[in-house]
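Close look at the chain arrangement
For reference, the chains in residue letters:
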Amino acid sequence: MRLEELNLKRKIPENKLKMLNKKGINSVEDLLRCRPRGYYDYSKQTELKDVADKNQYALRLAFRLTVSKCIRKMGKNKPYVKATCVSSDGSIITVIWYDQYIYYKVKEMVKKEVIVAGIYENHNMISPDVFELYSPELFKIYPVYSKLDGISNEYYLDMINHAIAEYHGEDPFPKKFRETFNIVDEKQMIMFLHRPKSLQDIKKAEKRLAIERMYPFCQAMYDMAADANIMSNIRPVKIDICHKIIKDLPYNLTDDQKNVLNQFVLSARKGKRINALLQGDVGSGKTICATLLMVSIIENGYQACLMAPTGILAVQHYEEIEKMLSKYNIHVAYLASGMKKSQRNSTLEKIASGEIDLVVATHSVISESVRFKNLGITIIDEEHKFGVIQRQALREKAKEGVHNISMSATPIPRSLAQTIYGNCMDIYTINSMPAGRLPIKTAITKSILSMLEFMKREINAGHQCYIVCPLVETNEEKGNFEEATNKKKEKVYSVEEIEHITNKYFQGSNIKTGIVTGRMKETEKSEIINGFQKNEFQILIATTIIEVGVNVPNTTVIGIINANRFGLAGLHQLRGRVGRNSLQSYCILQSEDKNNPRLRAMCQTTNGFEIAEEDLRLRGTGDIVGIQQSGLDINVMMMLKYPRLYNAMMTYITNERGK
């Protein structure tokens, strides 16, 4: 059911729809499955006299009281409304709002009984969660929803109420399935999520939600396990060109890289269809492994395809691979949605005829217009950034028996990877780094100025730098250099603000800055990055768009602004933009919170697998049934939180499919 179909007084505006879509709420079903971020339990009435002596503690309580008087304080200082409320035994509580407009509502309640619920401390309650005319039904559990920009809590609640009343969907789980796993039906789940009568109701709803989230993943795992047993006639019998490429490389492959190639070739020669996860730390050399794997199939008469999640990363792969393979008479093409029609049509014809041996592309390669003559291997880079449907669409373009490699630079602890994929995928892991690489030195600083001073020294030595910001732009007034760098309260900086501060700091020097963000057109991004690669800009200021796909070996410093706002895995990915040659490189984490455990972990190790272990420890399983999430992490976390349930569902699917 579409959100626009809700029978609200006024149709949902386009800007609100966009905000809901941004949070993964694309339908009424999505809306009803968005778990509140928490619940306030006001189901029990508390007598004021029972907590009068416990006023040193902040307690979340609900009272039945009478409003004795109400006043409003205006003036230059912060205005407020204050109500004095009395219990039946004469105990008094003061309720305060810093909202002058609530005065008229409260004034109407003078000498009337009300329910007051919120945080009670020192005989006061500030901005209560509930302040309504007394009714026994108001003593209940209240769901608390995450705030969405541009959508008031009242409007969101109105949508929820209409959705509950108007949605009449068919339960996707049959009765037998619900009985097997002892879960409530869809209608009960919705009511228990948004109108629970008890904490037990919430637990039942969460169990049902967990199963809904895990079931597609379990099905995918079953299918992958079945695929693992498929035999293949696509065999790398000849690997002469591979040997030539390896011999011509300006460096030696690491033992881990050689092992990946050997495992693939030996297994594929036996007729096994390879379905593998190739994981390694940033900068460990996954791309050369992927290239050699594709070449081993190409020189035996087949085509290969590498799909990347962004245009920046796809272009980088294409340029590196085309430069490497052109001398060996292997034809490489780039395919993206932004190409000129004539160029795209010509490329499509060459792919269909088999003239193109290797295609590097964005998700545009999964469109119906793309036809391969004889696809033998697909490699999906940064696999977790693609949806299940996108990945499957690429695989379906190939004949049965095609080899598939999924690459990820977000390392998964090996024991965990084996638990998740052990029965359905081979795990190729690159632990070692290329020879000559120095560990990146990482430090935390509060000062943007000290970071820029350090960058100045590196730039004067002929090197370049990145600065990563959490925001693209700000609505605040910009341009105050001193204020922006000396605030006591931590400020969240945007790309445009940091550009202004940086240009101000380097004013009068030859140091130039460039900007790249996700809002720019692909041609604009490419132009800036190409300029940075040519050292036309010494500092590239960006958002996390540079997390993957930007490779400038001359860059030796990356500064991450408001680093405490980034996840540990993201910080490690960003750090991997430097240290890509034999030069000593540095990562500077700017943050007011120097004791942040994620930042401390970054300073203690540069090993991606250790980072992954620490990330898992710090995050735990958390509250993972909130607003829809994507990627590998949510599935991993679900398995960790509900291991027995996961195993039971796999057994159920196996039995059902086996009939």
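Read on for a plain summary of the structure. Quick caveat, the model's predicted, so the values are computed rather than measured. (Residues numbered from 1 in each chain as written. Predicted model: local features only at pLDDT ≥ 70, side-chain atom pairs only at ≥ 80, totals over all residues. Heavy atoms only, no water.)

Section: the overall build of the protein
- Counting its secondary structure elements, the protein contains 24 helices and 21 strands.
- Taking as baseline every contact in the protein between residues at least 6 positions apart, the subset at least 24 positions apart corresponds to 74%.
- Only carbon and sulfur atoms are counted for the fraction: they give 48% of the accessible area of the protein, which is about 32,600 Å². (Helix = DSSP H or I, 4+ residues; strand = E, 2+ residues; numbered from the N terminus. Contact = heavy atoms within 4.5 Å. Areas by Shrake-Rupley, 256 points an atom, 1.4 Å probe, with all protein chains shown as cover.)

Some thoughts on the state of the cysteines
- With the rule as written, the count across this model stands at 0 disulfides.
- There is no disulfide at Cys70, and the cysteine sulfur nearest it, in Cys85, is 9.0 Å away.
- On the basis of relative accessibility, which here comes to 15%, the residue Cys70 falls in the buried class. (Disulfide = S-S within 2.5 Å. Buried < 20%, exposed > 50% of the residue type's maximum accessible area, 1.4 Å probe, protein only.)

Focus on the nonpolar core
- In terms of nonpolar packing, the biggest core is built from 39 residues, with Phe264, Met294, Leu358, Ile377 and Ile405 touching the most fellow members.
- Contacts of Phe264, omitting those with residues within four sequence positions, involve Pro236, Ile274, Leu293, Ser296, Ile297, Ile377, His403, Ile405 and Tyr428.
- Leu32, Cys34, Ala205 and Leu209 belong to the second-largest nonpolar core, a separate cluster that totals 32 residues. (Core = buried A, V, L, I, M, F, W, Y, C linked by side-chain atoms within 4.5 Å.)

Focus: the packing of helix α16 (residues 448–460) against helix α18 (residues 495–505)
- The contact between α16 and α18 brings their axes to 11 Å, and the two run at 55°. By the criterion of interaxial angle, the relationship of α16 to α18 is oblique. In the crossing of α16 with α18, the sense of the turn from one axis to the other is right-handed. For the pair α16 and α18, the contacting residues are Ile448, Leu449, Leu452 and Glu453 in the first and Ile498, Ile501, Thr502 and Tyr505 in the second.
- The residue makeup of the contact of α16 with α18, split by class, is 6 nonpolar, 1 polar and 1 charged. (Axes fitted to C-alpha atoms, helices over the stretch in contact; angles between N-to-C directions. Parallel < 35°, antiparallel > 145°, perpendicular 65-115°, else oblique. Left-handed = near helix turned anticlockwise from the far one by under 90°. Nonpolar A, V, L, I, M, F, W, Y, C, P; charged D, E, K, R; others polar.)

Description of the packing of aromatic side chains
- This structure, assessed with the given rule, holds 17 aromatic pairs.
- The interplanar angle of 90° and the centroid separation of 4.8 Å between the aromatic rings of Trp97 and Phe131 together place this pair among those described as edge-to-face. Highlighted residues: Trp97 in strand β4 (residues 92–97) and Phe131 in strand β7 (residues 130–133), separated in sequence by 34 residues.
- Measuring from ring centre to ring centre gives 4.9 Å for Phe454 and Tyr586, while their planes differ by 75°; the resulting arrangement is edge-to-face. You can see Phe454 sitting in helix α16 and its partner Tyr586 sitting in strand β21 (residues 586–590), a full 132 residues away along the chain. Each member of the pair Phe454 and Tyr586 is classed as buried.
- By the ring-pair criterion, three or more aromatic residues cluster together here, those being Phe173, Phe177, Phe181, Tyr215 and Tyr652.
- Arg60 extends its terminal NZ or CZ atom over the ring of Tyr40, reaching a point 3.8 Å from the ring centre.
- Taking the ring centre of Tyr98 as reference, the NZ or CZ of Lys78 above it sits at 4.7 Å. (Phe/Tyr/Trp six-rings, centres within 6.5 Å; stacked < 30°, edge-to-face > 60°. Lys NZ or Arg CZ within 6 Å of the ring centre and 35° of its normal.)

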